[in-house]
Amino acid sequence: MVVQTNRPFGRVVAIGATAAMACASLVAAPIMAQAQSNAQVSAKKDVQVIAFQQTWNTIAKECTETYGPEGVGYVEVSPPQESIQGTQWWTSYQPVSYKLDSKLGTEAEFASMIKQCSAAGVNVIADVVLNQTTGSDVAKGEQAGVAGSKYNGSTGDYPGFATKQYPDGITAADFHSCDKNISNYTNQQEVQECRLSSMWDFNSENEKVQDIQSDYLVKLWNLGVRGFRMDAVKHIHTDSMKAIKEKFAKKIDQNANDIYWIQEVIGNSSEAAGIQPGNYVQNGTVTEFGFKSEMNQYFKDKVAKLKGLNERLSKDLASKDANVFVTNWDTARNQGALTYKDGAKYQLANAFMLAYDYGQPHIFSGYYYAGVDDGAPGATRTSVPDMTCPTDGIETAGIWHCAQRWTAIRGMIGFRNAVAGTFTATVAKGSAVALYAGATPANWAGTRKYDPSDPAWFTGETPHKGDDTAAKSADSAASAKSGDAKSGKATSDAIRRAATLAAILLPVIVGVTFMAIARRNGKAQSDNSGPNND
């Protein structure tokens, strides 16, 4: 990342995260470099927001008000096809037809959303479910989907998948014959032909299935979808996935390699070799779950241990093939990832991801919840209401958290778009540098120092409803972080507070976000060097 250092700023107003972002020496250091930059803006916007369980009308509004202005490149939407009825979020992942009428809106609303997002400079990625239909635990006997399509989860009859070529839709003959649940992940055939949580498993090698599914992708493409996140891909053979993509590409007269393809493959070295992430690179990019694991482990331990992250992850997936995230809807509901419940650590990890040059970053925008099955706020069995962002700073179960509007995340998106991939610098031993992030409130949806959706632990303000628990927690964390027992140097309260808030919470002070790069060994390159505490 090449930064021109022509114009000095009056003072360092915030320092953030990449090289040694949680290092106590940054908090205590009395000498801070003057911020200098005239960053060259990158033409590539690769930040993606996962708009989990949000309606098409909501996303259209966010594209116009937030995603477009803040420089988001893509918005990933939840599965748009018709699914089983139910309030739980996972019902969206049990399709009963490929009709584009879902809990999140109608086909007309879906098409309108894509047009509005495109006008705002934001591409739409659709979450696509090709591995399975419904599970026997929730879909026994004759039932109807959210748009009224009839199906029988006991017999495997799904007439809603009918096309002109296949007027009868999907029948039991179009699924793999194995009807037991997957239990042995060292057996590739079992993983890819038996049932995941009792759901009927499509025979992805079947010509009819490939035709119906590629037709669905064509429909999405023709409406303007320009990226495809393929769900549960480790349960589909990589060559079958390749065949489906090639059929799709041929039908739209495109080169298959030019279609943006994200494949969800959860890697585990103890599992069968044939279902490891590297097998799927032939089809497109792959989700790198190792990234979220390292974020979870080392932001709860010592951030300095992230040194060499790029090299470690690249052993499995090259940066160009990887999609990364701090959390998503699945990992947020187990113990393997940082979530909003981790407060400042979660915010800082997202900032790190946006600054770090590995993979394509995904910001997760969901909702606060109490139970792991909880659906979107206000969800009924057949619909979800439009999103309303919080304004009181309280993280209350059953409301949206609107993380895409959080001040620090917006600032770091601006930083990434401005300088990611172009920064090199030589820094004197023991010094710290702050760089201009290239984003100000005038470029954002709001004009406040903080966005109303910011959690209270971030702003440091007392929640509007009188609950100051979050604020006290943030102050406690700041106090603990800013201690300088080792150095014994006295630091003024003002400097300590500014540095602590920067290092832990990444606030935007006086409307500008900065990024700190710290080195003790001279030359610093933040593109792939990771934290450096040498």
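The present account deals with the structure reproduced in this document. (Residues numbered from 1 in each chain as written. Predicted model: local features only at pLDDT ≥ 70, side-chain atom pairs only at ≥ 80, totals over all residues. Heavy atoms only, no water.)

### Describing the side chain of Arg-416
- As for its position among the elements, Arg-416 is in helix α10 (residues 407-419).
- Under the relative-accessibility criterion, Arg-416 is labelled buried at 4%.
- In terms of polar contacts, Arg-416 uses its side chain to reach the side chain of Asp-46, at 2.9 Å.
- A distance of 3.2 Å separates a polar atom in the side chain of Arg-416 from the backbone oxygen of Tyr-356.
- Once you skip the residues sitting within four places of it in the chain, Arg-416 turns out to touch Asp-46, Val-47, Met-353, Leu-354, Ala-355, Tyr-356, Gly-359 and Pro-361. (Helix = DSSP H or I, 4+ residues; strand = E, 2+ residues; numbered from the N terminus. Buried < 20%, exposed > 50% of the residue type's maximum accessible area, 1.4 Å probe, protein only. Polar contact = N/O pair within 3.5 Å; in protein donor to acceptor, adjacent residues only side chain to side chain. Contact = heavy atoms within 4.5 Å.)

### Focus on unusual backbone geometry
- One non-glycine residue, Gln-53, lies in the positive phi region at around 60°.
- One can find Gln-53 in the loop between β1 (48-51) and α2 (56-70).
- Gln-53 sits in the buried class, given a relative accessible area of 1%.
- One non-glycine residue, Ala-232, lies in positive phi territory at about 50°.

### Thoughts on helix α3 (residues 107-119)
- Helix length check: α3 (13 residues) gives 19 Å between terminal C-alpha atoms against 18 Å at 1.5 Å per residue, within 8%.
- Among the residues of α3, those classed as buried are Phe-110, Ala-111, Met-113, Ile-114 and Cys-117. With its buried residues spanning 155° around the axis, α3 presents them on a single face. Along α3, the residues that are exposed and aim more than 90 degrees away from the buried face are Ala-108, Lys-115 and Ala-119.
- Among the residues trailing α3, Gly-121 stands out with phi positive, at a value near 85°. (Expected span 1.5 Å × (residues − 1). Arc of directions from axis to C-beta.)

### As for empty space enclosed by the protein
- Applying the stated criterion across every chain yields a total of 5 cavities of 30 Å³ or more.
- Around the second largest cavity, the lining residues are Ile-50, Glu-76, Arg-229, Ile-262, Glu-264, Thr-287, Asn-323, Phe-325, Asn-328, Trp-329 and His-362.
- Split by residue class, the lining of the second largest cavity holds 4 nonpolar, 4 polar and 3 charged. (1 Å grid on protein atoms, 1.4 Å probe; cavity = no way out; pocket = protein on both sides within 12 Å on 5 of 7 lines; lining within 4 Å. Points joined across faces, edges and corners; volume = space filled by probe spheres on them. Nonpolar A, V, L, I, M, F, W, Y, C, P; charged D, E, K, R; others polar.)

### Looking at the pattern of salt bridges
- Taken as a whole, this structure holds 18 salt bridges when the rule is applied.
- When the shortest N-O distance is used, the salt bridge between Lys-247 and Asp-211 registers 3.8 Å. One end of the pair, Lys-247, is in helix α6 (residues 238-251); the other, Asp-211, is in helix α5 (residues 207-223), and 36 residues separate them in sequence. The residues Lys-247 and Asp-211 share a single accessibility class, namely buried.
- Counted as one network, the salt bridges with shared partners bring together Glu-207, Asp-211, Asp-215, Lys-247 and Lys-251. (Salt bridge = Lys/Arg side-chain N within 4 Å of Asp/Glu carboxyl O.)

### Brief notes about the packing of helix α9 (residues 344-355) against α10
- Remark: α9 packs on α10, axes separated minimally by 9 Å, with the N-to-C direction vectors making an angle of 10°. Here α9 lies roughly parallel to α10, going by the angle between them. Taken together, the residues of α10 that come into contact with α9 (itself represented by Gln-347, Asn-350, Ala-351, Met-353, Leu-354 and Ala-355) are Ala-408, Ile-409, Met-412, Ile-413, Phe-415 and Arg-416.
- Partitioned by chemical class, the residues of the contact of α9 with α10 number 9 nonpolar, 2 polar and 1 charged. (Axes fitted to C-alpha atoms, helices over the stretch in contact; angles between N-to-C directions. Parallel < 35°, antiparallel > 145°, perpendicular 65-115°, else oblique.)

### As for the sheet that holds strand β11 (residues 322-325)
- Overall, parallel pairing links the 8 strands, which are arranged β1-β2-β3-β8-β9-β10-β11-β12 in a closed barrel. Recorded for the sheet is a direction-independent mean angle of 25° between the axes of neighbouring strands.
- Here 4 bridges tie β1 to strand β12 (residues 360-365), and the two strands are oriented parallel to one another. Bridge pairing in β12 places Ala-51 opposite Ser-365. (Pairing = 2+ DSSP bridges.)

### Overview of the pairing of β1
- Burial along β1 is two-sided: the residues Gln-48 and Ile-50 and Val-49 and Ala-51 are all buried.
- In this region the chain leaves β1, passes through α2 and returns to the parallel neighbour strand β2 (residues 74-77); the handedness of that crossover is right-handed. (Right-handed = clockwise from strand over helix to strand, strands pointing away.)

### Concerning α6
- Here α6 spans 20 Å end to end across 14 residues, near enough to the 20 Å set by a 1.5 Å rise per residue.
- When α6 is considered as a whole, its buried residues turn out to be Thr-238, Ser-240, Met-241, Ile-244, Lys-245, Lys-247, Phe-248 and Ala-249.
- In this structure, the buried side of α6 is in contact with α5, β8 (227-230) and β9 (260-263).
- Two residues or fewer past α6, Asp-253 is found with a positive phi of approximately 55°.

### Topic: the nonpolar core
- If you look at the biggest cluster of nonpolar residues, it comprises 111 residues, and the most contacted ones within it are Met-113, Leu-220, Phe-228 and Met-295.
- Top contributing element to this core by residue count: α9, with 9 residues.
- Discounting residues that sit within four places of it in the chain, Met-295 has contacts with Leu-306, Leu-309, Val-326, Leu-338, Ala-349 and Phe-352.
- Core analysis: the second largest hydrophobic core is formed by 6 residues, Val-191, Cys-194, Ala-272 and Ile-275 among them. (Core = buried A, V, L, I, M, F, W, Y, C linked by side-chain atoms within 4.5 Å.)

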